[in-house]
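Topology and contacts: notes
Below, each chain spelled out in residue letters.
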Amino acid sequence: MQEMLNVEDLWVSVGDRQVLKGVHFSMNYGEINMLFGPNGAGKTSFIMTLMGFPRYRVEQGKIYFKGEDVTDKDLYERAHLGLGVSFQRPPTVKGVTLRKMIEIMSNDGAEKGKLISHIEKLHLSGHLDRGLNEGFSGGEMKRSELLQLMVQRPELVLIDEPESGVDIENIALVGEAINSLLGKDKVKDPKRSAIIITHTGYILDFVNADEGYIVVDGNLVCRGNPRDILSEIKKHGYRRCAECR
Amino acid sequence: MPISDKYLSEVEVRAEKAKDKKAAFGPDIDLSRYTQHIERGKIESLEGLSQQAKEAAIMTGINLKEEQRSGSYMQVDQSVVYENLNKAYEGQLEIMSTTDALRKYDWMEDYYWKAVPVDQDKYTAQAALHMTHGYFIRVFPHQKPQYPVQSCLLVAENYISQNVHNIIIVEEGAELQVITGCTLSKSDAEGIHLGISEFYVKKGGKLFFTMIHNWAENFNVRPRTWIVVEEDGSFINNYVLLKPVKSIQAFPVAYLKGANASAKFNTVVYGLKDSYIDLGSRIILEGENTRGESVARTIAADESVIYSRGDLIAKTKGYCLAHLDCRGIVFSNKANIYAIPQLISAGALKAELSHEASIGPIAEEQVEYLMSRGISKEDAVSVITSGFLNLDIPYIPEFLDRNIKEVIQATAKEAL
Ligand SMILES: Nc1ncnc2c1ncn2[C@@H]1O[C@H](COP(=O)(O)OP(=O)(O)O)[C@@H](O)[C@H]1O
Ligand SMILES: [Mg+2]
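Residues numbered from 1 in each chain as written. Chains lettered and ligands numbered in written order. Predicted model: local features only at pLDDT ≥ 70, side-chain atom pairs only at ≥ 80, totals over all residues. Heavy atoms only, no water.

**Observations concerning the overall build of chain A**
Scanning chain A from N- to C-terminus turns up eight helices and 12 strands. Relative to the 2.2 N^0.38 estimate, which gives 18 Å for 245 residues, the radius of gyration of chain A is 18 Å and therefore close to what a compact globule would have. For chain A, the spread of C-alpha atoms along the principal axes amounts to about 50 × 40 × 40 Å. Per-residue burial for chain A yields a buried fraction of 54% across its 245 residues. Restricting the contact set of chain A to residue pairs at least 6 apart, pairs at least 24 apart contribute 70%. Summed over its atoms, the accessible surface of chain A is roughly 11,200 Å², and 47% of this surface lies on carbon and sulfur atoms. (Helix = DSSP H or I, 4+ residues; strand = E, 2+ residues; numbered from the N terminus. Rg over C-alpha atoms; globule rule 2.2 N^0.38 Å. Buried < 20%, exposed > 50% of the residue type's maximum accessible area, 1.4 Å probe, protein only. Contact = heavy atoms within 4.5 Å. Areas by Shrake-Rupley, 256 points an atom, 1.4 Å probe, with all protein chains shown as cover.)

Okay, structure coming up:
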């Protein structure tokens, strides 16, 4: 079977800064991959490029999603092919409420009951009539991102630091939401796939990850068991990763 | 008892003197072009309007069945064709033409041309010398009719000068909502609408006023509005202009006379074709502890020119607080926006006045955010633009919302 995602020799720049330097990466359907790495290594750049944000200019290389070359496809097309992203820091959109956003995204009312239960579980009932991310706390932003993804239901979810800014009590909530998003809470659901960026690794307590990578200086290095990688980072930091290349 | 002849002739003398006085803003209009006069008969219900008139009225928020309305007033060209107070609200308020009110109440002397200066310019003069009705709405003390009064001022013919004089009185402790639609039933009509509005909000009263303007390419509009708000009173004004106009110039004034009085202006303007639009709001804070807020959202498309003015003028000895928030988006390289906020403190030592004015495009980042959720670029721009305009006005039907979305979709493309 072909891979779900295949990235070949990807070189990307933002402004005049080279952020990805020849990334090779592939993953299968149903996999959950974790990305670790120091600040500024290029983690966010990698998933934003996969999603197709035009600020991340692809200078060289190819991205294949479900066998299709999506390198030149725009955000909207990639979203419809099954890619979706939970932002590290989503922009504020004054005047467009979370409720409005969900309304536009959900094309039929069939799943309404489910949606209401998601809203309640994520403690977002009180945020529906506020502008998107307007005055949201870090945790509220993450929960609102996940809620939107539950409506969008992408096949490959790109999640950028789901635990950053989330207080300890709410980490479990976010973890469960991700599991539910990935259909891992039900045996029958087709397994959806994810690339999750984590700084702390807390999320590993909730999500059953398959592979881990460390991103260093615009490259993915040290593929391995995510828990092993995490304990290695906790012991030695990222120093040894540079040697690992 | 009617208003005294003495007062009426004083008004006339002052108006005569201002007959050729040009206005401070906006292109000067030759009023001698608009001399057509048409008398129209009464109708039994709003359903009795012509098909064209009905459609035009609906587009300004008028409910033809008068559902969720406490009463209606409708004028076509120079004639009052319909006035009705819903039975359930008798004893709470009265609705009639201003002409009738001047015949009926001698105390109209305290209101008629008492807020708007009759000699302000040639337009106020014309409205005084050739008044063609206008609505009079008075809500009695401590009455709070549940639903709004709707009024529609419609022009159906060419070369009409519709010179209406509207007076609203909100008596002590009373509350009133008004929806006014001003429109044309013939989209190529040439003419002018002169609307004098004098609103009085008495102690502890509340007036919630919404005005929707639907004009067209050959039509000129010169409203002249003053609102006097007494102690503890409040005034909220929503103004919406989403259709082309040849020229419109208005600078309504909220005069916060009593302590704790407040005023809020929400202005939504969409400039289309070669519209010349000069709109603003002025809040005079005279009473102690008065509050004012002025929010304007403007979009200039096609070859339109928009002046968005806002004045906050503090005159109080005590504390007052007012803020002006004026934002614009230019959708076309042939369109212009001038945002002109002005703060004035006339020896008001404790006044806190502030403003933010900005002109800039829709943030790319926001459009991309919505696109990444599977929303097309066009829809994303439309949703964000609607959100920017913030047309969240109660009792305004959904179709207006849809209408604005269509306008945005048609004009935003150029800006993408
Ligand atoms: N908009 C931008 N303009 C300039 N440099 C940027 C921009 N966004 C990111 N960068 C730079 O690109 C590098 C990679 O950033 P990022 O992918 O966000 O890292 P990470 O998510 O691993 O912390 C950093 O050095 C960062 O400063
Ligand atoms: Mg990052």
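**Examining the sheet that holds strand S5 (residues 149-155) of chain B**
Residues and elements named next belong to chain B. Spatial strand order, S2-S1-S5-S7-S9-S12-S15-S17-S19-S21: 10 strands in an open sheet with mixed pairing. Each edge of the open sheet carries a strand with a single partner, namely strand S2 (79-85) and strand S21 (351-359). Sheet twist, expressed as the mean angle between neighbouring strand axes with direction ignored, is 5 degrees. (Pairing = 2+ DSSP bridges. Axes fitted to C-alpha atoms, helices over the stretch in contact; angles between N-to-C directions.)

**Digging into the coordination of the magnesium ion (ligand 2)**
Perfect tetrahedral coordination of a metal by four donors corresponds to 109.5 degrees between them, and perfect octahedral coordination by six donors corresponds to 90 or 180 degrees. Residues and elements named next belong to chain A. Those donors, Thr-44 (OG1) and Gln-88 (OE1), are the protein atoms that reach the magnesium ion (ligand 2), and they lie 2.0 to 2.3 Å from it. Separated by 44 residues along the polypeptide, Thr-44 in helix H1 (residues 43-51) and Gln-88 in the loop between strand S6 (83-86) and strand S7 (93-97) bring together distant segments of the chain. Take Thr-44: its relative accessible area is 23%, and that puts it in the partly exposed class. Residue classification places Gln-88 among the buried residues on the basis of a relative accessible area of 19%. (Donors = N, O, S within 2.8 Å, 3.2 Å for Na, K, Ca; no water.)

**Describing the side chain of Lys-202 of chain B**
Residues and elements named next belong to chain B. Inspection of the secondary structure assignment puts Lys-202 in the loop between strand S8 (191-201) and strand S9 (206-214). Residue classification places Lys-202 among the buried residues on the basis of a relative accessible area of 15%. In terms of polar contacts, Lys-202 uses its side chain to reach the side chain of Tyr-111, at 2.8 Å. Not counting chain neighbours up to four residues away, the residues in contact with Lys-202 comprise Tyr-111, Ile-169, Val-170, Glu-171, Glu-172, Glu-230, Glu-231 and Gly-233. (Polar contact = N/O pair within 3.5 Å; in protein donor to acceptor, adjacent residues only side chain to side chain.)

**Thoughts on the domain arrangement of chain B**
When its domains are assigned, chain B resolves into domain 1 (5-362) and domain 2 (363-416). Centre-to-centre separation of domain 1 of chain B and domain 2 of chain B, based on C-alpha positions: 27 Å. (Domains from an automatic or database assignment.)

**Here's the deal with the pattern of salt bridges**
The final tally for this structure, using the stated rule, is 27 salt bridges over all chains. Notably, a salt bridge pairs Lys-62 of chain A with Asp-69 of chain A, separated by 3.4 Å at the nearest N-O pair. Residue classification places Lys-62 of chain A among the partly exposed positions, given a relative accessible area of 32%. Residues Lys-6 of chain B and Glu-10 of chain B are paired through a salt bridge, measuring 3.3 Å at the closest nitrogen-oxygen approach. Residue Lys-6 of chain B and its partner Glu-10 of chain B are located together in helix H1 (residues 5-17), separated by four residues, close to a single helical turn. The exposure class assigned to Lys-6 of chain B is exposed, which follows from its relative accessible area of 60%. The class for Glu-10 of chain B is partly exposed, based on a relative accessible area of 38%. (Salt bridge = Lys/Arg side-chain N within 4 Å of Asp/Glu carboxyl O.)

**Observations concerning unusual backbone geometry**
For Asp-217 of chain A, which is not a glycine, the phi torsion comes out positive at approximately 45 degrees. Following the sequence through the fold, Asp-217 of chain A ends up in the loop between strand S11 (211-216) and strand S12 (219-224).

**Overview of the packing of aromatic side chains**
Counted by the stated rule, this structure contains 20 aromatic pairs over all chains. Relative to Phe-46 of chain A, the ring of Phe-25 of chain A lies with its centre 5.5 Å away and its plane at 80 degrees, an arrangement referred to as edge-to-face. Placement of Phe-25 of chain A in strand S2 (residues 17-27) and of Phe-46 of chain A in helix H1 is noted, with a sequence separation of 21 residues between them. Classification of Phe-25 of chain A by relative accessible area gives buried; the value is 4%. With relative accessibility at 0%, the residue Phe-46 of chain A sits in the buried group. Look at Trp-107 of chain B and Phe-136 of chain B: their rings are 6.3 Å apart centre to centre, the planes differ by 45 degrees, and that puts the pair in the tilted class. (Phe/Tyr/Trp six-rings, centres within 6.5 Å; stacked < 30°, edge-to-face > 60°.)

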